[in-house]
Amino acid sequence: MPPVFTFFVMMLFWTALSGKFDLFHLGMGVISSGLVAWLSHDLLFEGHTKKLGATFKEIACFLRYLLWLFGQIVLANFHIAGLSLSLYPKKKLDPHIIKFKTSLKTDFARFVLANSITLTPGTVSVRIEEDIFYVHALTRRSAGDLAGDGPGEMERWVAWVFEGGSR
Amino acid sequence: MITDILVIIAMLSGLLFFVATTVGIIRFPDFYSRVHAAGKGDTLSTTLFLGGAILFIMRDFSGENLLTAGKLLLIVFYIFIASPTATHAIIDAGYEFRVPYWTRSSGKKGTEGDEENEENMDDGFYPDDLKG
Amino acid sequence: MNLEPFFIVMVVAILFLMLCNLYRVVAGPTVIDRMLGVNVIGIKTTVLIVLIGIIDGRVEMFIDITLAYALLNFITTLAAARFYQRISHPAPSEPEESLVAPSAGPEVEEVDAPAKASDSSRKETP
């Protein structure tokens, strides 16, 4: 990924945050984002070797995935609200930690999977060690989705977005 | 008019989830369950509140308001990434801190998360290769 | 429709919820519990600043404060969590030793040594 791309992302942020479009502010933006892009262009897209078209396709897939994730977040919130506003929450809770192995290869895909696990009903990812995930589950039922060979549907989604797997 | 009603609905449901989060944080028996309430509730309710704010701002359309709405959208996107990450950092720190935890069997003995129940810590809770 | 009273009610409600969360900060059995409470209060503050900006009629000014506050809240939580993780399992002291008594190895390796040591300790300490 060339430094030019980093420069354009930085410039977009600058114009959005400053909100002024005269020559002075835009010039300052060009200078500072050029400096940042020159010094640290390898940080933003570290190890990202895909072509530009593939990157845009990935972003589109990611937005589609976010839509699915948003539905899961709403479900998770109703789950939490039902638990915390019930009369005796301790009768419904049955917390325990489960552990599973993921098939995802890249770090970023694992990061997205861990965040998704945190946002789906009843589970929070505690620790990732290489390809082993430790997940804290709040009830037996929410653990049931993860206890088998892995997180199933969610892992397939993440693999579809980042590694070209089938959904 | 319709926008106003949408704003009210969005903010009221956001407030409902904030209440659920707060009640969960106060009532749940141990640290790990509280993390569940905090990590999930805050993400959605902040999104709902800021979405309501975006709708309210976009009632009178202008370039400046469009920019403000864009910044609000940026905050929503940022919280979507940052909130689960912060949650994960906290629960990871607690896991290494060996925070006492609550299970259904220890709950029957009458222990609360609020008490110092070090003796109830079951080492089987931690996977074997994580023992220090 | 004049929505200003509605927003004021929302602000008061969020303030009340923050007060309730303060219970967890004050009475939390462990340090990590207090940190969790502070994090939740910080996220509520993000919303609160936006609402105050709307009531004040100057959202475009308050929005920058909100952005900075959201960033700062995240960094605070992350730093505190990492700090308590570090002190609960003190890292091995190889980096300090290499600082005090530099070995005769090549320069490049020595620059890399502390980062590598802390990285491996991060994986092995638990």
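Residues numbered from 1 in each chain as written. Chains lettered and ligands numbered in written order. Predicted model: local features only at pLDDT ≥ 70, side-chain atom pairs only at ≥ 80, totals over all residues.

## Some points on the overall build of chain A
(1) Moving on: Helix and strand counts for chain A come out as seven helices and three strands.
(2) Moving on: Written out in order from the N terminus, the α and β elements of chain A read α-α-α-α-β-α-β-β-α-α.
(3) Moving on: Across the 167 residues that make up chain A, the buried fraction comes to 27%. (Helix = DSSP H or I, 4+ residues; strand = E, 2+ residues; numbered from the N terminus. Buried ≥ 20, exposed ≤ 12 C-beta atoms within 10 Å, placed from the backbone.)

## What about the overall build of chain C?
(1) Moving on: For chain C, the helix and strand inventory stands at five helices and zero strands.
(2) Moving on: Mapped in sequence order, the helices and strands of chain C form the string α-α-α-α-α.
(3) Moving on: Every one of the 126 residues in chain C was classed for burial, and the buried ones make up 25%.
(4) Moving on: Here the contacts in chain C between residues at least 6 apart in sequence split such that 49% fall between residues at least 24 apart. (Contact = placed C-beta atoms within 7 Å.)

## Notes on the interface of chain B and chain A
(1) Moving on: Each partner contributes residues to the interface: chain B has 34 residues there, and chain A has 29 residues.
(2) Moving on: Among the secondary structure elements, those contributing two or more residues to the side of chain B that touches chain A are α1 (2–27), α2 (31–57), α3 (63–96) and α4 (104–108) of chain B.
(3) Moving on: Broken down by element, the side of chain B that touches chain A gets its largest block of residues, 11 residues, from α3(B).
(4) Moving on: Looking at the side of chain B that touches chain A, its residues break down into 17 nonpolar, 12 polar and five charged. (Nonpolar A, V, L, I, M, F, W, Y, C, P; charged D, E, K, R; others polar.)

## Some words on the pairing of strand β3 (residues 132–137) of chain A
When a strand is regular, its side chains alternate between the sheet's two faces.
Residue and element names in this part refer to chain A.
(1) Moving on: Here β3 lies mainly inside the structure; five of its six residues are buried.
(2) Moving on: By the bridge criterion, six bridges tie strand β1 (residues 96–101) to β3 in an arrangement that is antiparallel. Bridge assignment links I97 to a residue of β3, and that residue is H136.
(3) Moving on: As judged from the six bridges shared by strand β2 (residues 123–129) and β3, these two strands associate in the antiparallel manner. Looking at the pairing, V124 lines up with H136 of β3. (Pairing = 2+ DSSP bridges.)

## What about the confidence of the model for chain C?
Residues and elements named next belong to chain C.
(1) Moving on: The predicted model of chain C has a mean per-residue pLDDT of 76, with 70% of residues at 70 or higher.
(2) Moving on: Between the elements of chain C, mean pLDDT differs from a low of 43, seen in helix α5 (residues 107–124), to a high of 92, seen in helix α1 (residues 4–27).
(3) Moving on: Confidence drops under pLDDT 50 across residues 94–126; counting only partners more than four residues distant or on other chains, this segment forms 18 contacts.
(4) Moving on: ipTM for the predicted complex: 0.79, alongside a pTM of 0.79. (pLDDT = per-residue confidence, 0-100.)

## Observations concerning the pairing of β2(A)
(1) Moving on: Burial of β2(A) is extensive: five of the seven residues sit out of reach of the surface.
(2) Moving on: The loop that links β2(A) with its antiparallel partner β3(A) comprises two residues; one of these, E130(A), has a positive phi angle of about 50°.

## Some remarks on the interface of chain B and chain C
(1) Moving on: Of the residues lining the interface, 46 residues belong to chain B; the matching set on chain C comes to 43 residues.
(2) Moving on: Elements with a contribution of two residues or more to the side of chain B that touches chain C: α1, α2 and α3 of chain B.
(3) Moving on: For the side of chain B that touches chain C, the element with the highest residue contribution is α3(B), accounting for 16 residues.
(4) Moving on: The residue inventory of the side of chain B that touches chain C, partitioned by class, reads 29 nonpolar, eight polar and nine charged.

## Regarding the sheet that holds β1(A)
Sheet strands line up and pair through hydrogen bonds in the backbone, either parallel or antiparallel.
Residues and elements named next belong to chain A.
(1) Moving on: Within the open sheet, the three strands sit side by side as β1-β3-β2. Their pairing is antiparallel. The outermost strands of the open sheet, each flanked by one partner alone, are β1 and β2. Going from strand to strand, the sheet's axes swing by 25° on average, the running direction of each strand aside.
(2) Moving on: Sheet strands touched by helix α5 (residues 107–119): β2 and β3. Its angle to β2, the strand with the most contacts, is close to 155°. (Axes fitted to C-alpha atoms, helices over the stretch in contact; angles between N-to-C directions.)

## Brief notes about the domain arrangement of chain A
(1) Moving on: Splitting chain A by domain gives domain 1 (3–44) and domain 2 (52–163).
(2) Moving on: The distance between the C-alpha centroids of domain 1 of chain A and domain 2 of chain A comes to 35 Å. (Domains from an automatic or database assignment.)

## Looking at the nonpolar core
Soluble globular proteins tend to pack their nonpolar side chains together in the buried interior.
(1) Moving on: Ranked by size, the top nonpolar core spans 78 residues in total, and within it V158(A), V35(B), A53(B) and I90(B) carry the most contacts.
(2) Moving on: Sorting elements by how many residues they give to this core places α2(B) first, with 13 residues.
(3) Moving on: Dropping the residues within four chain positions of it, I90(B) is found in contact with V35(B), I32(C), M35(C), L36(C), N39(C), T77(C) and A81(C). (Core = buried A, V, L, I, M, F, W, Y, C linked by C-beta atoms within 7 Å.)

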